[in-house]
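Chain by chain, the residues run as shown.
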Amino acid sequence: MLIEEIVERMRTYRELGGFMTNYITGMVADKTRVNTVESGNNLVFWCPERFRTRCFYAGCETKGISELLIHAPEGSVLETVYREDGNNPDKKMIEEGGFELRDTSVRYSYTYHTRLGDIPEHGRRALLQKLYNPEFGEFATLDDLDELFQIHREIFNPQLDEVMTLEEWEQIIKNRECILVRVKNRIVTYYVFRIEKNKLYSHVSVNKGPANYLYNIERRIYDECWDNGIRTNYWWVSKNNKVATGRLNDDFMKAVQSASYLYNDIFIQGGKQHDKYGKV
């Protein structure tokens, strides 16, 4: 079934009331063919996404959706986004469909009234601030493509994290959206970001060197964005990543004008029953 047909089907479900879905318009291209199972006013569909299979549901009945989710391929990934911490309304339904919760990531979104670099750091981070070098680091080139791809694949889990293809890495480099640090001609630190109109999206940071390497290149981009009038920064991070969540300035919130948070539960199908009648 084409994804555009499924979107049309979902419009019909919405009119019935009690509609539930984890699909957001645009996640899959309109002309994409996806595998589907359906029953009554419910359907489940899945398709390849980078290095994993992504699963979606849509319908009006929790029991009906659970019974269909069981037929999703073993190892397929299902994600749901919600706003209230720890209160995913669809969690029980998804788990009854054979999926297991593997991780929860949080999107932190902050708009600042004060430049972050102007807020005094404390403890060991005070030295990072004192020794900040705004010229540290260099933008990735196409010569770095294979190395960045390989490092990223080794560090991150394709089922739980966003692992970019070679083609996506190439576009990131061409867009000058990756700044890095080399030691003895090897990449030890990199920061991938994207400027979205008036927002800075901090995509991913990796550091195998001293703390000042990452501090310098992240702050360099933050300061350049601030100088260009960008006041909002957001990023996603796993709740289990204590290193990332512990890197913020103790007085970070003193620079914040407003904040918002989103939560994303990541489930993986445990393979209770493999699908035998899904169709493309």
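All values derive from a computational prediction rather than experimental measurement.

Here's the deal with the packing of aromatic side chains
Stage number 1. Evaluation of the coordinates by the stated rule reveals 18 aromatic pairs.
Stage number 2. Summarising the aromatic geometry, the rings of tyrosine 108 and tryptophan 235 are spaced 5.8 Å apart at their centres and angled 25° between planes, so their arrangement reads as stacked. Of this pair, tyrosine 108 sits in strand E6 (residues 99–112) while tryptophan 235 sits in strand E11 (residues 232–238), placing them 127 residues apart in sequence. Grouping residues by exposure puts tyrosine 108 and tryptophan 235 together as buried.
Stage number 3. Look at tyrosine 201 and tyrosine 234: their rings are 4.8 Å apart centre to centre, the planes differ by 15°, and that puts the pair in the stacked class. With tyrosine 201 in strand E10 (residues 199–207) and tyrosine 234 in strand E11, this pair connects stretches of sequence that are 33 residues apart.
Stage number 4. Judged by relative accessible area, which is 12%, tyrosine 234 ranks as buried.
Stage number 5. Site record: aromatic cluster; members linked through ring pairs are Tyr108, Tyr110, Tyr112, Trp235, Phe252 and Tyr261.
Stage number 6. Sitting over the face of the ring of tyrosine 234, arginine 107 holds its NZ or CZ atom 5.6 Å from the ring centroid.
Stage number 7. Lying over the aromatic face of phenylalanine 139, arginine 176 brings its terminal NZ or CZ to 4.0 Å of the ring centre.

Regarding the pairing of E11
Successive side chains on a regular strand alternate, one facing one side of the sheet and the next facing the other.
Stage number 1. Counting buried positions along E11 gives six out of seven residues, so the element sits mostly inside the fold.
Stage number 2. With seven bridges joining them, E6 and E11 adopt antiparallel strand pairing. Bridge pairing in E11 links valine 106 to valine 237.
Stage number 3. Summarising the sheet, E10 and E11 pair through three bridges and their orientation is parallel.

Concerning the side chain of asparagine 88
Stage number 1. Following the sequence through the fold, asparagine 88 ends up in the loop between strand E5 (77–82) and helix H3 (91–96).
Stage number 2. For asparagine 88, the side chain forms a polar contact with the side chain of threonine 80, separated by 2.8 Å.
Stage number 3. Of the polar contacts made by the side chain of asparagine 88, one reaches the backbone nitrogen of aspartate 90; its length is 3.0 Å.
Stage number 4. Filtering out sequence-adjacent residues up to four positions away, asparagine 88 remains in contact with Thr80, Tyr82, Asp265 and Phe267.

So, the packing of helix H5 (residues 145–155) against helix H6 (residues 166–174)
Stage number 1. Contact geometry for H5 and H6: axes closest at 10 Å, N-to-C directions at 120°. Judged by the angle between their axes, H5 and H6 are oblique. The handedness of the crossing between H5 and H6 is right-handed. Across the interface between the two elements, Leu145, Asp146, Leu148, Phe149 and His152 from H5 touch Leu166, Trp169, Glu170 and Ile173 from H6.

Regarding the side chain of serine 105
Stage number 1. Mapped onto the elements of the fold, serine 105 is located in strand E6.
Stage number 2. Judged by relative accessible area, serine 105 falls into the buried class, the value being 10%.
Stage number 3. Leaving out residues up to four positions away in the same chain, serine 105 has contacts with Trp236, Val237, Ser238, Lys239, Leu262, Tyr263 and Asn264.

Side note on the state of the cysteines
Stage number 1. All told, the structure shown has zero disulfides when counted by the stated rule.
Stage number 2. Cysteine cysteine 47 is unpaired, with the sulfur of cysteine 55 as its nearest cysteine sulfur at 9.3 Å.
Stage number 3. Lacking any disulfide linkage, cysteine 178 is separated from the closest cysteine sulfur, that of cysteine 225, by 15 Å.

Rules and cut-offs
- Residues numbered from 1 in each chain as written.
- Predicted model: local features only at pLDDT ≥ 70, side-chain atom pairs only at ≥ 80, totals over all residues.
- Heavy atoms only, no water.
- Phe/Tyr/Trp six-rings, centres within 6.5 Å; stacked < 30°, edge-to-face > 60°.
- Helix = DSSP H or I, 4+ residues; strand = E, 2+ residues; numbered from the N terminus.
- Buried < 20%, exposed > 50% of the residue type's maximum accessible area, 1.4 Å probe, protein only.
- Lys NZ or Arg CZ within 6 Å of the ring centre and 35° of its normal.
- Pairing = 2+ DSSP bridges.
- Polar contact = N/O pair within 3.5 Å; in protein donor to acceptor, adjacent residues only side chain to side chain.
- Contact = heavy atoms within 4.5 Å.
- Axes fitted to C-alpha atoms, helices over the stretch in contact; angles between N-to-C directions.
- Parallel < 35°, antiparallel > 145°, perpendicular 65-115°, else oblique.
- Left-handed = near helix turned anticlockwise from the far one by under 90°.
- Disulfide = S-S within 2.5 Å.

Note that all results are geometric; they support no functional claim without further evidence.
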